[in-house]
There are 4 protein chains.
Amino acid sequence: MLNIAVIGAGRIGHVHAKTIIAHPDAALALVCDPVGDAARTLADQYGTRACERAEDVFADPGIDAVIIGSPTALHIPHLLAAAEAGKAVLCEKPIALDMKDVEAARAELDAVKSPVMFGFNRRFDPSFAAMRAAVENGRVGELEQLTIISRDPAAPPVDYIKVSGGIFRDMTIHDFDTARFFLGEITEVYAAGQNLDPAIEEAGDFDAAVVTLKAACGAVATIINNRHCSSGYDQRLEASGRDGALLAENIRSTTVRLSNAKVTDAQEPYLDFFLERYADAYRLELSAFIEAVETGAPTPTGVDDAVKALALAEAATESARTGRPVAVA
Amino acid sequence: MLNIAVIGAGRIGHVHAKTIIAHPDAALALVCDPVGDAARTLADQYGTRACERAEDVFADPGIDAVIIGSPTALHIPHLLAAAEAGKAVLCEKPIALDMKDVEAARAELDAVKSPVMFGFNRRFDPSFAAMRAAVENGRVGELEQLTIISRDPAAPPVDYIKVSGGIFRDMTIHDFDTARFFLGEITEVYAAGQNLDPAIEEAGDFDAAVVTLKAACGAVATIINNRHCSSGYDQRLEASGRDGALLAENIRSTTVRLSNAKVTDAQEPYLDFFLERYADAYRLELSAFIEAVETGAPTPTGVDDAVKALALAEAATESARTGRPVAVA
Amino acid sequence: MLNIAVIGAGRIGHVHAKTIIAHPDAALALVCDPVGDAARTLADQYGTRACERAEDVFADPGIDAVIIGSPTALHIPHLLAAAEAGKAVLCEKPIALDMKDVEAARAELDAVKSPVMFGFNRRFDPSFAAMRAAVENGRVGELEQLTIISRDPAAPPVDYIKVSGGIFRDMTIHDFDTARFFLGEITEVYAAGQNLDPAIEEAGDFDAAVVTLKAACGAVATIINNRHCSSGYDQRLEASGRDGALLAENIRSTTVRLSNAKVTDAQEPYLDFFLERYADAYRLELSAFIEAVETGAPTPTGVDDAVKALALAEAATESARTGRPVAVA
Amino acid sequence: MLNIAVIGAGRIGHVHAKTIIAHPDAALALVCDPVGDAARTLADQYGTRACERAEDVFADPGIDAVIIGSPTALHIPHLLAAAEAGKAVLCEKPIALDMKDVEAARAELDAVKSPVMFGFNRRFDPSFAAMRAAVENGRVGELEQLTIISRDPAAPPVDYIKVSGGIFRDMTIHDFDTARFFLGEITEVYAAGQNLDPAIEEAGDFDAAVVTLKAACGAVATIINNRHCSSGYDQRLEASGRDGALLAENIRSTTVRLSNAKVTDAQEPYLDFFLERYADAYRLELSAFIEAVETGAPTPTGVDDAVKALALAEAATESARTGRPVAVA
């Protein structure tokens, strides 16, 4: 049983709290958030303790591990402090808003001894994980082309957009990790940003994008993003190899199909958003974290993965702004 | 090149004429119908000859083969006369409206030397034929259960219903043949007739039915019929065996799928009716007929198949009326 | 929070215990089983109490409700005793192995005041429930034909078959309830039993069957059962109405599709068996039970439903043995 | 009845000849090819006349229209000569191997009076055409993202590759036209070329590519090409709009699905190549050509479409070689 504290009682903090509560090998021991009643409210919901200062989490000897869902700018400071205190860390993405912040902390990050894992939850989605395993097992031969379709049901508020770091750091970062999960290292990024909603354009961001990634292995990945999708949360993945292809379809809440005079075999809209769509993934991510902590094995998504995904996000941001491909170190 | 005459210029006569015209190895040499301008109109459409009397077809030395699409009561007389004249015969189903008529002509039918084939077109549907071939090749092991779903888009006029011989002879007869095509001989029939449309009930017929067929091999077939279906011509087949199952889905005119806020991956209604749905089947049926005529090989659907399908239709009619299963000889 | 005791620590008892543990509004307060360590083992797994005698359950003032998963012959005695003790009851199907046992207890059953619900879990499956709601909302017009396909992945041991009451009471009983759930009262049953596995035939049972049910509303239901299916637990449902049709497809553990030189868009085998396939249904069944207990509303599946499903099972058993349709009162 | 001559008796010439023969409103009047017996062999197959010199086609007063399937370098000369002779022209793509050749003939092309159409057959594919019509009818709102997946079953011989003008002119040109068909004018092209087969790399070409097109309307199109695909000719199209999305799936020769212990609902490989996959499209293209000729209406795909598709191919070629996006005039 791993005693876990959650730092940050926002949307993603709620996801993790709920996941911990339902997990047989985890206990929600503490919730921390400096803002108003946020920590208290979430803690009360699950009958656990709350605090306002992150320092109180790190100092608490009853805490084995910390899940960091604080604002992005605090990810690295919280990660380092938790590790310093001997806690295992599961940190949300992105690792930072800026590669400069990563570079500034590079030595400290490299010196961390505690298990550290990053919340690239989609790696643990049963369909994506099964595809990856099938690729590893040679079911489709060497991968040649990867297509990632990722559309949110609706854009977040413009106020959030303004502090999000932009679509590539905030939304595409998951897809960058998926590309790396399947293809390994990426050498070049080209991003075509789109401005479909004037309000988001005014906020200085794109609300849709198509990204091309050249991988060192010779494969090419395409990411198709959109901040809105009328049918729900559109999450598909297609891995095409020399000897075959694998496709992960969207998920609906039932398998019911409707036929009438206008449509046949019509299915329901997709699951609406990440909480529902990736509920299994969050659960399996937590299991993987617990297993790594308990066995001492490396975590499946470490600092290096977090840094490389951020580097791709920065490259994509630059590419979309300059209109030119950007090489990645 | 086979010179073919079509007797009967009604709906099915038009289907055959069109199929012959498009076939590289067949010529439409003559169209025969005693009623009004029917023969002349159809013949003119394809630039061929017309006549009113079937005798003129049989006497014509330029005719190699006859497709009989006359009223059911004339099927046996026309078949026998055509065969007597040395013509090959492709006769529409059912062979007769009544087993008594078959019995009365049994000796003559048995003595026929010409190639005789019956128009069980669905055996030649590419999907059903591929399923049958897969079964033959052992792809799913011994068959255990067969499900035949066959729903027309809309009921024919009540005036037609009254002279049709009833739903089992007119509509289900194809499904009886499909059951025999996959399972061989049938030993018992149970039919639950349904009266959904009062007008058809008044005409003395059912407009929907569920039929259970016990096969000698131990398998059981289910036929689900309905004279109407809001999504079009619903034609599906499922063959379930010890080691697997095969399913033939409906066909649409395009592969387009629509997704929006209400439906996802919604497909089009099914092809509307038999002319479109079984266009390939009619073409391949004609090819099979021509090949049998030209090679002297047995036709794939002979008198025995026609008689046995009719016997099943009679048994189903009796079963639906009495409410009891009926054994088949 | 409802304190629940589970009587019977067999396969279905484990399902219920697991479902209770994961349910936010239920507590597993006691496990009862007279055989060996069964109760103790299951209780220990979830850190709760165990007992051997059902009387101890009924006498326990800390128990609010009892889930009865004892052998079928004990269902009525346990139900009556629990109700007598003021406990709410969720009883597994079938209510009894024999209608005579039901009749003998009829007066007592009618006099029960406690909430009583029967475990027709499939009514709570999200897909089937959504189909039923869509039918209620008139999405497909008046129902005309219902097709229930229900195939187990593999037959139970012959020793179980011998005491199971036969395929219709043991397996088809769920499908009888599904037919009633969609079509209301059934007036006639015709069952074609199949003997595919000689070992089961020797045990005096069928291992496959096709059942036709005539409903009072004029619709006809078809049930296709098989004790084995190579692709897993085949659970499909199709409701065809005047204006449209609804189909519930099978469920797989992922949405991955494989394409290669031999197959395209190939999906995984179905979820293997009822624990996985109906996990959501068991959870929602428990929620419905708790809600009925707490609100005092009628349970969704009462004694009448249990009795009528059993009557259909008896009629099907008779029909399959005599070869004749059997009218249902 | 349009009397048509086919110039070029190669692979595409055979496709057109077969399509003409089966078309009720067209006659194959002449086949022309200077090489060996090619023209004679094809003409004999359909019982028509042959010649070796294109001049003889243009001079023949019995010819109403010419389908140009000669080597690409001859497209413009043949087109101009045929038009000069008053023949209607259906010319294969690309219009030329090089934009310089187009520019050199620009004045003459602009002066052509005869109906001229280019063979962008995919516009006439029933599924793609239905999608386009649905978009026009506002079924999915304003288009935002278009995904074109186009993979050949196997690469052509390296000798052909060498003279093909490269993958973008030879293969992607169809996809460029599809992008324009849906999105209108394109302003920028970025192409990531891939070298998967060393033999094709040695021949100086790519054998796979991912292309991003920015459209003037704000939408972005992605083209995913590969010279081989293990499952057949992979031809899919997805148009995603503000209010919905349309998807055209691949086509198989039957609708049969196989389920067993390893796969469920497995479909067949895709139709193998363009002759089968686009048979309907070639037929409907010919119908559109005949209709334009007979009514005097503009052809649906004129010189301007051919030139713009070639310009996109040149831009993609440059982009893939330089690694930079290329603006299109």
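Residues numbered from 1 in each chain as written. Chains lettered and ligands numbered in written order. Predicted model: local features only at pLDDT ≥ 70, side-chain atom pairs only at ≥ 80, totals over all residues. Heavy atoms only, no water.

## Considerations on the interface of chain D and chain A
Keep this limit in mind: Residues are treated as being in contact if the distance between any of their heavy atoms lies within 4.5 Å. Defined in terms of a 1.4 Å probe, buried area is the accessible area two parts forfeit on being brought together, summed over both. For this document, the term salt bridge refers to a Lys or Arg side-chain nitrogen within 4 Å of an Asp or Glu carboxyl oxygen. Here a polar contact is recorded for every N or O atom pair within 3.5 Å, except that within protein the pair must consist of a potential hydrogen donor and a potential acceptor, and residues adjacent in sequence are included only if both atoms are side-chain atoms. Strands are runs of DSSP state E lasting at least 2 residues, helices are runs of H or I lasting at least 4, and numbering of each runs from the N terminus. Amino acids outside the nonpolar list (Ala, Val, Leu, Ile, Met, Phe, Trp, Tyr, Cys, Pro) and the charged list (Asp, Glu, Lys, Arg) are all regarded as polar, and Gly is one of them.
Contacts between chain D and chain A engage 33 residues on the former and 33 residues on the latter. On the chain D side of the interface with chain A, the three residues burying the most area are Gln145, Tyr190 and Arg242 of chain D, jointly 20% of the side's total. Our count for the chain D to chain A interface comes out at 2 salt bridges. Notably, a salt bridge pairs Glu238 of chain A with Arg236 of chain D, separated by 2.6 Å at the nearest N-O pair. At the surface where chain D touches chain A, the tally comes to 25 residue pairs in polar contact (both at pLDDT 80 or more). When contributions to the side of chain D that touches chain A are tallied by element, the ones reaching two or more residues are β7 (143-151), β8 (186-194), β9 (208-215), β10 (220-226) and β11 (234-241) of chain D. Tallied by class, the residues present in the side of chain D that touches chain A amount to 11 nonpolar, 13 polar and 9 charged.

## Thoughts on the relation of the copies chain D and chain A
Test applied: Each copy is superposed on the other by least squares, with the fit set by C-alpha atoms of residues at a pLDDT of at least 70 in both.
In screw terms, the move from chain D to chain A is a rotation of 180 degrees and a rise of 0.0 Å along the axis, fitting with an RMSD of 0.0 Å. In the structure described here, the two chain copies are related by an operation that fits a two-fold rotation axis. Relative to the rotation axis, the closest C-alpha in chain D is found at Arg324 of chain D, a distance of 3.2 Å.

## Overview of the packing of aromatic side chains
Rules: Any Phe, Tyr or Trp ring, taking Trp's six-membered ring, that has another such ring centre within 6.5 Å forms a pair; planes under 30 degrees apart are called stacked, those over 60 apart edge-to-face, and the others tilted. Relative accessibility decides the category of a residue: with a 1.4 Å probe and only protein chains considered, values under 20% of the type maximum give buried, values over 50% give exposed, and everything between is partly exposed.
Taken as a whole and assessed by the stated rule, the structure comprises 26 aromatic pairs over all chains. Note on Phe181 of chain C and Phe182 of chain C: the rings are 5.4 Å apart at their centroids and 85 degrees apart in plane angle, and the pair reads as edge-to-face. By relative accessible area, Phe181 of chain C is classed as buried at 13%. Ring centres of Tyr233 of chain D and Tyr278 of chain D lie 5.9 Å apart, and the angle between their planes is 90 degrees; this geometry places the pair in the edge-to-face category. Taken together, the residues span a long stretch of sequence, with Tyr233 of chain D in the loop between β10 and β11 and Tyr278 of chain D in the loop between α12 (274-277) and α13 (279-295) at a distance of 45 residues. Of the two residues, Tyr233 of chain D and Tyr278 of chain D, both sit in the buried class. Feature note: the residues Phe128, Tyr233, Phe273, Phe274 and Tyr278 of chain A constitute an aromatic cluster, connected by ring pairs.

## Points about the environment of Pro325 of chain D
Structurally, Pro325 of chain D is set in the loop between α14 (303-322) and β14 (326-327). Sequence separation between Pro325 of chain D and Ala192 of chain D is 133 residues, and the spatial gap between their C-alpha atoms is 9.7 Å.

## Brief notes about the side chain of Lys93 of chain A
All names here are of chain A. As a reminder of what qualifies: Note that His is not counted, nor are the chain ends; the positive residues are Lys and Arg, and the negative ones are Asp and Glu.
Within the element layout of this structure, Lys93 appears in the loop between β5 (88-91) and α5 (99-104). We note that Lys93 is buried and unpaired, the nearest opposite charge coming from Asp170 at a distance of 4.5 Å. A distance of 3.2 Å separates a polar atom in the side chain of Lys93 from the backbone oxygen of Asp170. Beyond its immediate stretch of four places on either side in the chain, Lys93 contacts His75, Gly119, Phe120, Asp170, Ile173 and His174.

## Quick look at the sheet that holds β5 of chain A
Residues and elements named next belong to chain A. What counts is decided by this rule: In this analysis, strands are considered paired if DSSP registers two or more bridges between them. Note on method: axes are straight lines fitted to C-alpha atoms, helices fitted across the in-contact stretch only, with angles between N-to-C directions ranging 0 to 180 degrees.
In space, the 6 strands of this open sheet follow the order β3-β2-β1-β4-β5-β6, with parallel pairing throughout. Every interior strand has two partners, whereas the edge strands, β3 (49-51) and β6 (116-118), have only one. Between one strand and the next, the sheet's axes are offset by a mean angle of 25 degrees, whatever the strand orientation. Pairing between strand β1 (residues 2-7) and strand β4 (residues 65-68): 4 bridges, direction parallel. When the sheet's bridge partners are listed, Val6 is paired in β4 with Ile67. Together, β2 (26-32) and β3 form the strand contacts of helix α2 (residues 38-45), whose direction differs from that of β3 by roughly 170 degrees. Against the sheet, helix α4 (residues 75-84) contacts β1, β4, β5 and β6, and its axis sits at roughly 165 degrees relative to β5.

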